[in-house]
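# An overview of the molecular structure
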Amino acid sequence: MLAALRSAREASGHSQAQLALKLGKPPSFVGKYELGERRLDVVELLVILKALDVSCDLFLDQLTPVLPAALR
């Protein structure tokens, strides 16, 4: 999921600092979750996807193939 979030950010043309500004968070917020040093809750994920103008449904659909079989 972290790689997908980073790819979505990059595809949107945002730097970590630009996204953090849009979220009202320090740049370290984006860096830490992209590196896996910080976990995101569902609400944070939804806010990030909205800031990137990415559909939650589309984002989750793209993750399905890489989920463990028990979660599909």
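So, a few notes on the structure that sits alongside this text. Everything quoted here is computed from the prediction, not taken from an experiment. (Residues numbered from 1 in each chain as written. Predicted model: local features only at pLDDT ≥ 70, side-chain atom pairs only at ≥ 80, totals over all residues. Heavy atoms only, no water.)

## Digging into the overall build of the chain
Looking only at helices and strands, the chain has five helices and zero strands in total. Element order for the chain, N to C, with α for helix and β for strand: α-α-α-α-α. The C-alpha radius of gyration of the chain comes to 12 Å, within 12% of the 11 Å expected for a compact globule of 72 residues. The average position of the 9 basic charges and that of the 8 acidic charges among the side chains of the chain differ by 4 Å. (Helix = DSSP H or I, 4+ residues; strand = E, 2+ residues; numbered from the N terminus. Rg over C-alpha atoms; globule rule 2.2 N^0.38 Å. Lys, Arg positive; Asp, Glu negative; His and termini not counted. Charge placed at Lys NZ, Arg CZ, Asp CG, Glu CD.)

## Observations regarding unusual backbone geometry
Positive phi is not limited to glycine here, since Asp53 has a value of about 60°. With respect to the helices and strands, Asp53 occurs in the loop between helix 4 (42–51) and helix 5 (56–63). When its relative accessible area of 70% is taken as the criterion, Asp53 is described as exposed. (Buried < 20%, exposed > 50% of the residue type's maximum accessible area, 1.4 Å probe, protein only.)

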